[in-house]
Structure formats: C-alpha cells, structure tokens
Amino acid sequence: MKKWNGWGSDEYEYPVPPAARDFLAEAIGPSEQGPTATFGDLVKGVPKSRLPDDALISRDPAERLRHARGHSLPDWISLRYGSIDSFPDGVARPASEEEVEKILGFAAATGTHLIPYGGGTSVVGHINPSRNGPPVLTVNLERMRRMPELDESSRLAAFEAGVSGPHLEAQLRARGFTLGHFPQSFEYSTLGGWIATRSSGQQSLYYGRIEDLFAGGRMIAPAGRLEMPPFPASAAGPDLREAVLGSEGRLGIITSAVVRVSPLPESERFYGLFFPDWSQGVAAVKEMAQEKLGLSMIRLSDSVETTTSLNLIGNERLVRLLNGLLRVRGIKDEKCQLFIGVTGSEAQAKRIRRRALDIARAHGGVHVGRKMGSEWRKSRFKTPYLRNTLWDFGYAVDTLETALSWTNLPAAADAVLGTLRRGIDERGERVLAFAHISHVYPTGASIYVTYVFRLARTAEETLERWKKLKEAASQAILNHGGTISHQHGVGLDHEPWLEAEKGRLGREAIAALARAFDPKGIMNPGKLIADRLPRKRK
Ligand SMILES: Cc1cc2nc3c(=O)[nH]c(=O)nc-3n(C[C@H](O)[C@H](O)[C@H](O)COP(=O)(O)OP(=O)(O)OC[C@H]3O[C@@H](n4cnc5c(N)ncnc54)[C@H](O)[C@@H]3O)c2cc1C
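Residues numbered from 1 in each chain as written. Predicted model: local features only at pLDDT ≥ 70, side-chain atom pairs only at ≥ 80, totals over all residues. Heavy atoms only, no water.

**What to know about the sheet that holds strand S2 (residues 90-92)**
The strand order across the open sheet built from 4 strands is S1-S2-S4-S3, with neighbouring strands paired in mixed fashion. The open sheet has two edge strands with one neighbour each: strand S1 (57-58) and strand S3 (113-117). Pairing of S3 with strand S4 (residues 136-140), which is carried by 5 bridges, proceeds in the parallel orientation. Among the inter-strand pairings, Pro116 is bridged to a residue of S4, identified as Val139. (Pairing = 2+ DSSP bridges. Helix = DSSP H or I, 4+ residues; strand = E, 2+ residues; numbered from the N terminus.)

Printed below as a string of structure tokens:
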C-alpha cells in the first residue's frame, strides 16, 4: 500500500550501510529517531466534513487524511509530528468527463473549492487545502487512466489525464512505443500532474520536457470546456496549451491529453564517469550540451554529492576499490560523478557514446564502465526512499532546484550552497548541502540541490529551520538570475517569489487568466498566485 506519511510503498525499505549513520553524525551531528505520529491518532483529529452527502463523494476521515498533504518538507513535518491542521472535506474519484462535469456543477451549486489531484507527489504544497474558507473537495483522477487512442502513424497517443507513469508506459510499450517522460516520481505521479506543474523527466534531453510532449487535449473549467487540438504546429494566435501547462489546478481539470510518443529505442544505456573536480565536469557537460550530441541524460554531481552518495548508498568494499582506481588516474577527493544516457539506434548510440567520452576525456574525465550506469538505472526510482530512512534516523531531507545560464551557474551554485550551509548557524545547527546538474540546454542548465539537517524536538522548530533555509536559498537563486523553479512548480512554497520573476503585470495576467476560466475562484485557490491584491512594486 502507498505510504500515507512518506515516500512510496509500505512494502519497500531503503537500507543504508552502518557507516552511513556515522557519516551523517560527522557531517551535521548525531540525531535521534525522528517523530512518527500514528495514522490512527491523526484520523481521530480529522474534523467532521462540511459537505452534503453525495454519491460521487467520500467523506471518510481516512481518505481525507490520505489526501491532505503532498511531499514537501512542511507536508512531511505536519504528518510525521502530527501537527496537521487542514483536511479536504471530501474526496471524489470521477471515472469519466461526465462525472468531472457533475463535480464542477456540485462545486458551483454549493460554493465548494476544488483541488485537482493526480498522484499527490507535489513538493511545493500544491494539493494542500487551506485552513480557512469554504469546504474543500479533492478530485482524485486515478480512475481516469485509459488510452482511448494511439495514432501510430502520427505518433500521437490520447490518454485520460489521471494515468500514472507506470500505467501510461505499460499501455504504450505493449504497442511498441514510449513517452520517455521519467521524473523521479514516475511511479506515482500522473500525466495531468506533469502538465499542470511543467514537469521534467530524467531523459528530457532526448524525449523533451512535458511541454514538448503535450500536443493537445481537453480541460474542463468552471467557465466551460477548453479543446486543444493536437496540430503539429499553428500560427493561430497565442498557444493556449501554454496557459494550461503550469496551471496547477487553478484554471480547471485537465481530463485528457494527447502526447507525442516515440517508438521504443533499439538501444538505451547509461554510463558512469568521474572528473577530477566540479569545474572540469561543468566544462565537459556544457560542451556536450552545446554540441547537441543527442545524449538522453546528463547528470553531474558536485564533489559533496558524489562523496555523500558513495557513503550512503555505495557498497563499502566496492567504494574503496573505486577510490583506489580513481586515485591512480589522478582523481582524488574533489571527484565529481557524471552519468550519461545514450538512447537511439545501435549505430547512433555508438557514435554518440564515442563522442561524449572523447569530450569527457578532454576535460580530465575517466569512464568507469557500464556497471555503474546500469546500477543507477535499476535504482533510479528508489533513491527517494532514502528520505524515509533518513527521517527515521532523525534527519530532514529537502531539495530545491533552479535553471540559469552557463554564465551565472558557477556563482549561483556557490551562493545557494553557501547560504544553505551557513543558514542555521545561529541555531547551532549544521547543514549538509550538495548539488547536481540534472538537465542541460545549450544556453544553461538546471541545478538540483539537496540539503540535510537535524530534526528538532518540535514541529515548530523544525519548520523554522526549514523556513530560514528555504527563504535564504530562494533569495540567492533570484539574486543570481535563476528561476524560482525549473520543474517543481510554484504551489504554496514558491508563490512569494513568483512576482519577482514574472513582474507585476505578468502576475496580474496570470490572475486574469484564472478569472476567465474560473470566474468564482473555486479552483485550487491560493496556489500559484495567492488570493490577494498584487504587491506594490518596491
Ligand atoms: C520523490 C520525488 C521526486 C520527484 N521528481 C521529479 C522530477 O524528476 N521531475 C519533476 O518534474 N518533478 C518531480 N517531482 C515533483 C512532482 O512529482 C511533480 O510535480 C509531478 O508532476 C506532480 O504530479 P502529480 O500527478 O503527483 O500531481 P499532484 O501532486 O497530484 O498535483 C500537482 C499539481 O497539479 C494539479 N493537477 C494534477 N492533476 C491535474 C489535472 N488532471 N488537471 C488539473 N490540474 C491537475 C494539482 O491541482 C496540483 O496543483 C518529484 C516529487 C517527489 C516527491
């Protein structure tokens, strides 16, 4: 069963070697078992639903608790410490567009707010009901997961939008196709959620981000239906798919999506390399990106991330052997690990791999063989389970991400990591912070930062630590010319920084769009843009 207060399935655990705990104790101090409130206790605290009885709605307290939070660190804190203070009043699971329309009619008639819900994997507070205001109904789309049509000739597949990653790929693979969209949350996130948050998959370099894959579809809004035909291209004015991408449930419910699919590749392999240091690694991946080699993935870890992941997930004996081998090749303590993915026909893959390794070698890179790449592939959706394990050890793990130009990237990475590492000094706490470049473009790249700190005894103090770190890092991102989010979206947690990125007029334009599709403001209020007047320009 899906975990109600952590990542993934109850059946899977991510064990770490005994030395991992010593490594963390050395880096940021020893910690005690993290708090874990029980499901039974929390269910008792779910208040009575304010919604009337309706055949399409469940008012079961356990269902409402399971839909109350996503996967941001504040979400985990409120679930694990048992400090959760808002719940949806009901959960609906429509099985068709007709039922979605009935739910919208119900909401209009009763003044209920609606939260579209895909897999609930949001990491920025997208699906959290607000504490005050009218009743809230969460609309879980998991029953809408069919593929009504696959046009093999045009390579277009129509799906109901509640389909999760594994169900989508299984239906396509049975016919010899793939979407190629593999966010790390693949096992639980959904097509509708990917579109509504502008998601990016691990192999977006080859298959494209969701905005490249989303060809058309349908959104049902309080003001009516929006049809988006999947034209190969169109000059008929602004492209309304762009309004739906990143709409975060504010405009309506995406019920179906037509996506651009590819035939299953003949060859798909991943390789592991090491560089002597970060600057040489960055120079290599920039060259690979700008040469448009056709790689499907480039993922370069800084030296702290490299060391941390070898300590937390590596086999101690193999890591010792690897370190010995790398030392002989001149790669020592500052080593940075790179994974590349090569996808395509056998002939293309061979050519691309050869060229990528040539570039790497020219920047001091050493290829350590296919085994490391295959291991990465096997565990690509399992590493988030590490967050459960570390919480049990008493450590909070959070991530943040941005994208910026190659020119701004080095200083931005230093500033964000430095800010995090010093961020809670005054509270006598240390922070382990590290980064990788996870998506590259000819003009720049995305930096994905992970930071780990000790849980406090109370939810309030842990939340305070997080707030200090999040605010300081977000400001550092903006100061260095980065976007507030490359792939996670805005939700609640990034909303305070949206206006700095879009400008006042830009923010007002988004608000006007929401009013056009949802005149009474019943769709996921408070997310993406807060329900307040725009701030005065300073
Ligand atoms: C461990 C982990 C790893 C992650 N890795 C990645 C990654 O590699 N790349 C990445 O891009 N993101 C990643 N994420 C973030 C998250 O998975 C994405 O934002 C994902 O796109 C959310 O999809 P979902 O179906 O779970 O949506 P939800 O979390 O259910 O909802 C997210 C938002 O989309 C809206 N929404 C959902 N479905 C619809 C719909 N049908 N119509 C209208 N609005 C809708 C919701 O109202 C909400 O505002 C990760 C998250 C976790 C926890």
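There is more to say after this.
**Structural notes on the domain arrangement of the protein chain**
When the parts of a complex come together, some accessible area is lost, and that lost area is often taken as the interface size. Domain annotation of the protein chain identifies domain 1 (47-140), domain 2 (149-263) and domain 3 (267-380). Distance between the C-alpha centres of domain 2 and domain 3: 31 Å. Across the contact, 8 residues belong to domain 2 and 11 residues belong to domain 3. If you look at where domain 2 meets domain 3, you find 0 salt bridges. Here domain 2 is connected to domain 3 by 4 residue pairs in polar contact (both at pLDDT 80 or more). Looking at side-chain class alone, the side of domain 2 that touches domain 3 contains 4 nonpolar, 4 polar and no charged residues. (Domains from an automatic or database assignment. Contact = heavy atoms within 4.5 Å. Salt bridge = Lys/Arg side-chain N within 4 Å of Asp/Glu carboxyl O. Polar contact = N/O pair within 3.5 Å; in protein donor to acceptor, adjacent residues only side chain to side chain. Nonpolar A, V, L, I, M, F, W, Y, C, P; charged D, E, K, R; others polar.)

**Details of helix H14 (residues 346-362)**
Over its 17 residues, H14 runs 24 Å from end to end, which matches the ideal 24 Å to within 8%, given 1.5 Å per residue. Every buried residue belonging to H14 is among Ala349, Ile352, Ala356, Leu357, Ile359 and Ala360, and all of these are buried. Projection of H14 onto a plane perpendicular to its axis shows the buried side chains occupying an angular sector of 160°, all on one side. Looking at H14, the residues exposed on the side facing more than 90 degrees away from the buried face are Ala347, Lys350, Arg361 and Ala362. Buried-residue contacts for H14 involve strand S12 (267-275), helix H11 (278-290), strand S14 (336-344) and strand S15 (366-367). Directly after H14, the chain includes Gly364, whose backbone phi takes a positive value near 85°. (Expected span 1.5 Å × (residues − 1). Buried < 20%, exposed > 50% of the residue type's maximum accessible area, 1.4 Å probe, protein only. Arc of directions from axis to C-beta.)

**Quick notes on helix H6 (residues 165-173)**
Looking at H6, one finds that the buried residues are Gly165, Leu168, Glu169 and Leu172. Mapping the buried residues of H6 onto a view down its axis gives an arc of 90°, with all of them on the same face. Buried residues along H6 sit in contact with strand S5 (149-151), strand S6 (156-160), strand S7 (177-178) and helix H7 (191-197).

**Considering the environment of Pro238**
On the secondary structure map, Pro238 appears in the loop between strand S9 (224-228) and helix H10 (241-244). Separated by 11 residues in sequence, Pro238 and Glu227 have C-alpha atoms that sit 14 Å apart.

**Focus on the pattern of salt bridges**
Opposite charge on two side chains permits pairing when their charged atoms draw close. Summed over all chains, the structure comprises 38 salt bridges. Residue Arg361 pairs with Asp358 through a salt bridge whose shortest N-O separation is 2.9 Å. Taken as a pair, Arg361 and Asp358 lie in helix H14 at a separation of 3 residues, close to a single helical turn. Several salt bridges share partner residues, and in doing so they unite Glu97, Glu101, Arg218, Arg225 and Glu227 into one network.

**A word on the pairing of S3**
S3 sits mainly inside the fold: 5 of its 5 residues count as buried. The side-chain alternation of S3 yields two buried faces, one formed by His113, Ile115 and Tyr117 and the other by Leu114 and Pro116.

**What about the site of the ligand?**
Taken together, 34 residues are adjacent to the ligand, and Pro116, Gly118, Thr121, Ser185 and Thr190 come closest. Interatomic distance of 2.6 Å between a backbone N/O atom of Pro116 and an oxygen atom of the ligand. Gln184 places a main-chain nitrogen or oxygen 2.8 Å from an oxygen atom of the ligand. Calculation on the ligand without its partners gives an accessible area of 970 Å², and the protein chains cover 97% of this total. Among the elements that take part in the shell around the ligand, H7 stands out by supplying 5 residues, more than any other. In terms of domain composition, the shell around the ligand takes at least three residues from each of domain 1 (47-140) and domain 2 (149-263). (Near = heavy atom within 4 Å. Areas by Shrake-Rupley, 256 points an atom, 1.4 Å probe, with all protein chains shown as cover.)

**Here we look at the packing of aromatic side chains**
For the structure on display, the rule yields 11 aromatic pairs. Aromatic side chains Trp7 and Tyr188 sit 5.4 Å apart centroid to centroid with 85° between the ring planes, which places their arrangement in the edge-to-face category. Linking Trp7 in the segment before helix H1 (18-28) with Tyr188 in the loop between S7 and H7, this pair joins segments that are 181 residues apart in sequence. Here Tyr188 falls in the buried class, since its relative accessible area comes to 19%. Among the aromatic side chains, those forming a connected cluster through ring pairs are Trp76, Tyr81 and Trp391. In this structure, Arg21 packs its charged tip against the face of Phe393, placed 4.2 Å from the ring centre. The aromatic ring of Tyr12 is capped on one face by Lys382, whose charged end is 4.8 Å from the ring centroid. (Phe/Tyr/Trp six-rings, centres within 6.5 Å; stacked < 30°, edge-to-face > 60°. Lys NZ or Arg CZ within 6 Å of the ring centre and 35° of its normal.)

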